[in-house]
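This is what each chain is made of:
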Amino acid sequence: MTTATSPRALEHPTRDQIRLEAVLHALADPVRLRIVRDMARERAELSCSYFDLPVTKSTTTHHFRVLREGGVIRQTYRGTAKLNALREDDLEALFPGLLDAVLTAAGAQAARENPPEPPTA
């Protein structure tokens, strides 16, 4: 892990430290996968408060920490907000096609679980 240099700096693994097992573990949880899907869809840095998750604030913090420590996201403070961004370039360089495959599969699963409503006449 990289070392935090100030109280507001967060530790992240360097690209070389990111392990497939940690990435897969981070993506295996439905709440964390939902966070990653939202981040991939928005293609922007998002604050933690952007996400409306069905868990407590402390559990949300845990999920973001697992994603950060697994190398899936990068978190930075901007003012009082903690912003989150996918580490797409790092993941693609280390595990080509993995993130796209997981996001495609998660989208297909969500479509099966939540089919569109038929149009009303």
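Residues numbered from 1 in each chain as written. Predicted model: local features only at pLDDT ≥ 70, side-chain atom pairs only at ≥ 80, totals over all residues. Heavy atoms only, no water.

**Q** Which residues make up the sheet that holds strand β3 (residues 81–86), and what values go with them?
**A** Here we have 3 strands laid out as an open sheet, ordered β1-β3-β2, and antiparallel in their pairing. This sheet does not close on itself; its edge strands, each paired only once, are β1 (46–47) and β2 (73–78). Alignment of β1 against β3, held across 2 bridges, turns out to be antiparallel. Paired with S47 across the two strands is L83, which belongs to β3. Along the sheet, helix α3 (residues 57–69) contacts β2 and β3; its crossing angle with β2, the most-contacted strand, is approximately 115°. (Pairing = 2+ DSSP bridges. Helix = DSSP H or I, 4+ residues; strand = E, 2+ residues; numbered from the N terminus. Contact = heavy atoms within 4.5 Å. Axes fitted to C-alpha atoms, helices over the stretch in contact; angles between N-to-C directions.)

**Q** Can you tell me about the pattern of salt bridges, naming the residues and giving the values?
**A** Applying the stated rule across the entire model yields 8 salt bridges. Between R43 and E88 there is a salt bridge, with the nearest N and O atoms lying 2.3 Å from each other. Placement of the pair is R43 in the loop between α2 (30–42) and β1 and E88 in helix α4 (residues 88–94), with a sequence separation of 45 residues. R43 gets classed as exposed once you look at its relative accessible area, which sits at 57%. The shortest N-O distance in the salt bridge between R87 and D90 comes to 2.8 Å. Classification of D90 as buried rests on a relative accessible area of 14%. Residues joined by salt bridges that share partners form a network here, namely R15, R87 and D90. (Salt bridge = Lys/Arg side-chain N within 4 Å of Asp/Glu carboxyl O. Buried < 20%, exposed > 50% of the residue type's maximum accessible area, 1.4 Å probe, protein only.)

**Q** Tell me what's going on with the pairing of β2, and back it up with residues and numbers.
**A** Sheet topology places β2 next to β3; 6 bridges connect them, and they run antiparallel. Looking at the pairing, I73 lines up with L86 of β3. In this structure, the hairpin formed by β2 and β3 is closed by a connection of 2 residues, where G79 is found at a positive phi of approximately 65°.

**Q** Account for the environment of L83, naming residues and giving values.
**A** You can see L83 is positioned in strand β3. The buried category is assigned to L83, whose relative accessible area is 12%. When the C-alpha positions of L83 and E45 are compared, they lie 5.7 Å apart, and in sequence the two are 38 residues distant. When residues no more than four places from it in sequence are discounted, the contact partners of L83 are E45, L46, S47, R74, Q75, T76 and R78.

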